[in-house]
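Structural features, examined
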Amino acid sequence: MYEILAKEELGTVNKLMVIDAPLVARKAQAGQFVILRVVEEGERIPLTIADFDREKGTITIVFQEVGKSTMHLGLLQVGDELASFTGPLGRPTEIENYGTVVCVGGGVGIAPIYPIARALKEAGNEVISIIGARTKDLLFWEDKVRAVSDELIVCTDDGSYARKALVTEPLKELCEARKDIACVWGIGPAIMMKFTSLTTKPFGVKTIVSLNSIMVDGTGMCGACRVEVGGKTRFVCVDGPEFDGHEVDWDLLMARQRIYLTEEKRAFDEFKLKCECDSGL
Amino acid sequence: MAEAKKPKREKIPRQEMPRQAPEVRRRNFNEVALGYTPELMALEAKRCLQCKKPKCIEGCPVRVDIPAFILKLQEGDLAGAAVALYADNNLPAICGRVCPQETQCEAVCVLGKKGEPVAIGRLERYVADWRISQGTEVPEMAPPSGKRVAVVGSGPAGLTCAADLARYGHQVTIFEALHAPGGVLIYGIPEFRLPKAIVHTEVEYVKSLGVELILNCVIGKTLTIDDLFDDGYEAVFLGTGAGLPMFMNIPGENYNGVYSANEFLTRVNLMKGYLFPEWDTPVRIGRRVAVVGGGNVAMDAARCSMRLGADEVIIVYRRSRVEMPARAEEVENAEEEGVVFNLLTNPVEIYGDDNGWVRGMKCIRMELGEPDASGRRRPIPIEGSEFDMDVDTVIMALGTRPNPMVFTDAGGLERTRWGTVVADETTGRTTRERVWAGGDIVTGAATVISAMGAGKRAAADIDRYLRGEITTWMPAEEAQKA
Ligand SMILES: Cc1cc2nc3c(=O)[nH]c(=O)nc-3n(C[C@H](O)[C@H](O)[C@H](O)COP(=O)(O)OP(=O)(O)OC[C@H]3O[C@@H](n4cnc5c(N)ncnc54)[C@H](O)[C@@H]3O)c2cc1C
Ligand SMILES: Cc1cc2nc3c(=O)[nH]c(=O)nc-3n(C[C@H](O)[C@H](O)[C@H](O)COP(=O)(O)OP(=O)(O)OC[C@H]3O[C@@H](n4cnc5c(N)ncnc54)[C@H](O)[C@@H]3O)c2cc1C
Ligand code: SF4
Ligand code: SF4
Ligand code: FES
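Note that the structure is a prediction, hence the values are computed from the model and not measured. Residue indices begin from 1 for each chain and proceed along its sequence in written order. The lettering of chains begins at A and the numbering of ligands begins at 1, in the order of writing. Thresholds applied to this predicted model are a pLDDT of at least 70 for local features of residues and 80 or more for the giving and counting of side-chain atom pairs; totals over whole chains, interfaces and linings are not thresholded and use all residues. Water and hydrogen atoms were dropped before computing side-chain values, which therefore reflect all heavy atoms in the structure.

Looking at the overall build of chain B
Quick note on the threshold: Starting at the N terminus, helices and strands are each numbered in turn, a helix being any DSSP run of H or I of at least four residues and a strand any DSSP run of E of at least two. What the globule rule says is 2.2 Å times the number of residues to the power 0.38, and the radius of gyration is computed from C-alpha atoms. Partly exposed describes any residue whose relative accessible area lies between the buried limit of under 20% and the exposed limit of over 50%, with all areas from a 1.4 Å probe on protein chains only and scaled to the type maximum. Note on contacts: a residue pair is in contact if any heavy atoms of the two residues lie within 4.5 Å. For the area figures, the Shrake-Rupley method with a 1.4 Å probe applies, and any residue is considered shielded solely by the protein chains shown.
On a plain count of helices and strands, chain B comes out with 20 helices and 16 strands. Relative to the 2.2 N^0.38 estimate, which gives 23 Å for 482 residues, the radius of gyration of chain B is 23 Å and therefore close to what a compact globule would have. Expressed along its principal axes, the backbone C-alpha trace of chain B runs to roughly 65 × 65 × 50 Å. Out of the 482 residues in chain B, the part that is buried amounts to 57%. Within chain B, residue pairs in contact and separated by at least 24 positions form 69% of the contacts whose partners lie at least 6 positions apart. As presented, chain B carries roughly 19,800 Å² of accessible surface, and 51% of it is formed by carbon and sulfur atoms.

Below is the structure:
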């Protein structure tokens with residue numbers, strides 16, 4: 001069950017995997033996520049559905065190795081099986097023909113923005129996409145995103161590839177130049193989503209973000225994922241993950257993401273040490 | 001004849017069950033209660049008067065024939081005791097440990113009128129543990145009916161319903177959202193009160209009856225109830241429990257260091273947070289922990305906090321000791337382990353520091369007024385009695401409601417305003433044809449044994465339905481009237 005059917009390196013820190021999960025693929029829609037465990041002792045980590053194939057019964061995930069669980073996941077090979085894989089969770093993106101929309105993907109957020117851009121395009125929208133990363137090595141899927149967009153803007157923070165800019169710069173220019181933008185989707189690290197929302201706010205352009213709070217079950221039973229949106233407590237896993245970016249309490253989200261910093265670092269360091277020992281270093 | 005024996009019996013006092021010493025157990029996760037020795041069991045069994053009209057049976061929600069199994073114990077026939085006990089109870093190793101006996105079977109035992117009741121729960125546990133040690137055998141099964149039933153949720157309600165349906169000859173599949181079966185038994189109740197090995201044994205037993213278990217499958221997301229019918233299941237039982245946590249909606253509740261009891265206990269028990277970093281899931285416990293609530297959930301959270309190394313653990317409960325819904329034994333255990341009780345107290349605000357971490361809690365003193373709808377005296381805040389409590393972790397154990405997820409695209413399932421599903425008490429039938437429900441999803445947070453009872457009754461009704469004995473579906477409310 002939950003066999004890894006394909007694995008691909010996307011640049012230096014991001015990895016892609018295609019997982020055999022027919023039940024999840026049957027229902028998967030853009031904007032939803034899965035919760036997986038790498039091994040029996042593993043934690044339950046949420047990852048966005050980057051792509052799905054209903055016929056083949058597969059789900060594609062793209063992840064950045066930031067800690068123990070994602071590093072462990074990255075060590076698995078084609079043919080290995082995951083301990084568990086649950087989904088699709090969360091509410092799907094509300095896809096409609098809005099007119100002109102902008103999809104902004106930052107870093108590993110390029111993966112989840114892809115199925116959303118594709119669905120919006122299929123629904124008849126004019127889709128303008130902006131993808132960006134810190135540096136060239138972290139960029140991926142330029143061609144894939146281009147194929148589902150009417151226009152694509154690529155940038156890197158350090159200028160190592162394409163335009164040297166943060167994704168918020170071309171976004172601001174678009175908002176200034178075009179008064180017909182109906183909606184913006186922004187997915188990436190919390191800080192990037194915060195500034196994406198701040199960029200569009202003065203223009204009154206509705207902005208949807210996909211929040212990445214810490215989760216346990218992903219089904220609404222623990223409250224670990226709670227955030228404040230519009231002054232109300234919401235559970236990201238069941239009420240989201242997409243919310244109106246102008247209403248999100250970003251400082252709270254970012255504070256809550258740091259709850260286990262000490263423990264995460266300890267787990268990561270011990271794991272790295274173990275991996276080095278195992279590989280005979 | 002009866003008179004001749006009576007005086008001899010009354011001399012035996014209720015036998016205590018050996019337990020780990022408080023100063024030892026408060027820092028480990030091993031089971032607290034160690035079980036009777038054969039000698040203690042024999043002494044305790046002897047106390048039962050074998051009443052002609054046994055009151056104790058009426059106190060048990062599944063009507064275990066208590067004198068029957070105790071008689072076998074008096075005769076020294078353990079195998080016979082096991083047969084008698086398992087006839088009425090699929091999960092006695094669990095019930096013997098977690099039933100609130102003092103409000104159920106033992107509350108009405110005649111011996112309790114003058115002295116102390118027979119320790120029915122402890123005897124039940126003894127028999128069940130003995131039988132598990134012997135390796136369980138597959139009971140008699142009806143011939144296959146060729147009918148398929150879907151059971152949603154693998155808590156006590158779902159497991160019991162599935163086991164009975166399998167014994168009636170039906171092909172049963174359990175769908176469970178989490179990666180491990182058992183419901184609250186596995187994610188909520190801690191190892192030191194209910195060893196997970198026992199839950200695993202019971203789950204394996206259910207599987208040995210031919211029940212298929214599909215984990216990581218969230219009904220309402222991965223599949224809907226409609227999908228289950230489309231896939232060929234002829235009946236659906238909902239035993240998804242009441243797992244939605246409640247918060248107080250007071251300021252500061254989202255600071256780092258405020259947990260719902262569900263999150264805290266899931267991290268500790270299901271994810272084995274107490275074994276971090278061997279197990280990956282961390283759980284962060286501060287030095288001074290406040291647990292808000294007075295039920296079993298609160299006691300479990302408090303005792304887990306103690307075991308994770310907190311310096312001080314305080315139960316904050318808005319009523320008084322007598323109103324606390326937790327099992328009496330666990331309140332005692334918690335107290336012995338050093339948990340402090342701050343009763344007639346209610347939080348009004350949680351303070352945070354500059355980094356968003358809890359640094360204290362403002363509380364108000366309460367007094368008890370007139371009894372409310374639940375029959376318990378209503379707590380009323382005493383004006384001007386606010387005070388600050390120095391804590392760095394707060395665990396909210398305020399009760400739970402049914403998780404609405406299972407109702408996505410569930411068509412025609414009526415619910416109450418508390419979010420519980422409307423179902424007939426005796427049959428479990430809901431307002432949607434071919435859908436039954438039982439356990440916490442119907443009653444709201446209740447007990448293991450009542451969930452099992454509901455699963456059992458629903459299984460019997462589903463069996464009647466599948467055998468064609470029920471031709472017209474009488475919705476829950478009408479059935480109730482009839
Ligand atoms: C709905 C949802 C969808 C997600 N989709 C993706 C995805 O498609 N690809 C991907 O790479 N990541 C995604 N994430 C984030 C991913 O779940 C975390 O990166 C992962 O859990 C980290 O686990 P770890 O053990 O490797 O690192 P940890 O040791 O847990 O953490 C290492 C570092 O990452 C930070 N971190 C931990 N959890 C999160 C989180 N949930 N979000 C952001 N930062 C976090 C920590 O603060 C720490 O600095 C998603 C999160 C959510 C909630
Ligand atoms: C911490 C704690 C301590 C307790 N202590 C005691 C005690 O000492 N004595 C006692 O008698 N009672 C106790 N209780 C109460 C008792 O555990 C419950 O009343 C009982 O477990 C209810 O059983 P259930 O089968 O209805 O639901 P649950 O045990 O809640 O099981 C429901 C199952 O359904 C699954 N599920 C939920 N939604 C879905 C879905 N959409 N799709 C698939 N699966 C789903 C859940 O993951 C879960 O596994 C305690 C409860 C808690 C939380
Ligand atoms: S199942 Fe519970 S209530 Fe019934 S006899 Fe056993 S311990 Fe008592
Ligand atoms: S009421 Fe008490 S003494 Fe009488 S049969 Fe039941 S357990 Fe035995
Ligand atoms: S992750 Fe547990 S409620 Fe959202």
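Re the site of ligand 4
The following threshold applies: We define proximity as follows: a residue is near a molecule or strand when any one of its heavy atoms falls within 4 Å of that partner. Any residue with an atom within 4 Å of a point lines the site, the site being either a cavity, points on a 1 Å grid over the protein atoms alone where a 1.4 Å probe fits but cannot get out, or a pocket, an open set with protein on both sides within 12 Å along at least 5 of 7 lines. For this analysis, a molecule is said to be in a pocket or cavity if more than half of its atoms are within 2 Å of the grid points defining it.
Around ligand 4 sit Cys48, Leu49, Cys51, Pro54, Cys56, Pro67, Cys109, Val110, Val118 and Ile120 of chain B, and those are all the residues in its vicinity. With respect to the detected pockets, ligand 4 is housed in the largest cavity.

What about the interface of chain A and chain B?
Condition: By buried area we mean how much accessible surface two parts lose on assembly, using a 1.4 Å probe and totalling the loss over both. By convention in these notes, a salt bridge is any Lys or Arg side-chain nitrogen within 4 Å of a carboxyl oxygen on Asp or Glu. In protein, a polar contact requires one atom able to donate a hydrogen and another able to accept it; more generally it is a pair of N or O atoms within 3.5 Å, and residues adjacent in sequence count only if both atoms are side-chain atoms.
With 45 residues of chain A at the interface, the matching set in chain B holds 43 residues. Roughly 3,700 Å² of surface becomes buried between chain A and chain B when both sides are summed, with 53% attributable to carbon and sulfur atoms. For the chain A face of the interface with chain B, the top three residues by lost area are Met221, Arg226 and Tyr260 of chain A, together amounting to 18%. Inspection of the region where chain A meets chain B yields four salt bridges. The interface formed by chain A and chain B holds 22 residue pairs in polar contact (both at pLDDT 80 or more) in total.

So, the domain arrangement of chain A
All names here are of chain A. As a reminder, the rule being used: Note: domain ranges come from an automatic or database domain assignment.
Taken as a whole, chain A is organised into domain 1 (2-89) and domain 2 (100-257). A straight line from the C-alpha centre of domain 1 to that of domain 2 covers 21 Å. Opposite the 21 residues of domain 1 that make contact, domain 2 presents 22 residues. Taken together, both faces of the contact between domain 1 and domain 2 bury some 1,700 Å²; the carbon and sulfur share is 63%.

Section: the side chain of Arg193 of chain B
Residues and elements named next belong to chain B. Considering the arrangement of structural elements, one finds Arg193 in the loop between helix H12 (184-187) and helix H13 (196-208). Judged by its relative accessible area of 7%, Arg193 is buried. Polar side-chain contacts of Arg193 include one of 2.8 Å to the side chain of Asp300. If near-sequence neighbours (up to four positions away) are discounted, Arg193 is found in contact with Glu31, Arg97, Val98, Asn296, Asp300, Arg303, Arg327 and Glu330.

With respect to empty space enclosed by the protein
All names here are of chain B. Selection rule: Grid points are joined across faces, edges and corners, and a volume is the space filled by probe spheres set on the points. Side-chain classes follow a simple rule in which Ala, Val, Leu, Ile, Met, Phe, Trp, Tyr, Cys and Pro form the nonpolar group, Asp, Glu, Lys and Arg form the charged group, and the remainder, Gly included, forms the polar group.
The full count for this structure, using the stated rule, is five cavities of 30 Å³ or more. Computed from the structure, the largest cavity encloses a volume of approximately 100 Å³. The wall of the largest cavity is formed by 15 residues, among which Cys48, Cys51, Cys56, Cys109 and Val118 lie closest to the centre. Looking at the lining of the largest cavity, the elements with two or more residues in it are helix H4 (55-59) and helix H5 (66-74). The element best represented in the lining of the largest cavity is H5, accounting for three residues. Classifying every residue of the lining of the largest cavity by side-chain character gives 14 nonpolar, no polar and one charged. Around the second largest cavity, the lining comprises 14 residues; the ones closest to its centre are Cys60, Cys99, Gln104, Cys105 and Glu124.

Side note on the nonpolar core
All names here are of chain B. Put simply, the test is: Definition used in this section: a nonpolar core is a set of buried Ala, Val, Leu, Ile, Met, Phe, Trp, Tyr and Cys residues joined via side-chain atoms within 4.5 Å.
Residues Phe69, Leu73, Leu123 and Ile462 are the most contacted members of the largest nonpolar core, which totals 82 residues. When residues in this core are grouped by element, the largest group, nine residues, is from helix H19 (residues 448-466). Residues contacting Leu73, with those up to four places away along its chain left out, are Met41, Ala45, Leu78, Ala81, Leu123 and Val127.

Some points on helix H5 (residues 168-177) of chain A
Residues and elements named next belong to chain A. Applicable threshold: When we speak of the arc, we mean the arc of directions from the helix axis to the C-beta atoms.
All of the buried residues along H5 are Thr168, Pro170, Leu171, Leu174 and Cys175. Along the axis of H5, the buried residues cluster in a sector spanning 160°; they form a single face. Those residues of H5 hidden inside the fold are in contact with strand E8 (100-106), strand E9 (126-133), strand E10 (151-156), strand E11 (163-164), strand E12 (181-187) and helix H6 (190-200).

Side note on unusual backbone geometry
In this structure, the amide linkage connecting Gly87 of chain A to the following residue, Pro88 of chain A, adopts the cis form with an omega of -5°. For Arg434 of chain B, which is not a glycine, the phi torsion comes out positive at approximately 70°. Checked against the element boundaries, Arg434 of chain B lands in the loop between strand E15 (400-401) and strand E16 (435-437). Take Arg434 of chain B: its relative accessible area is 29%, and that puts it in the partly exposed class.

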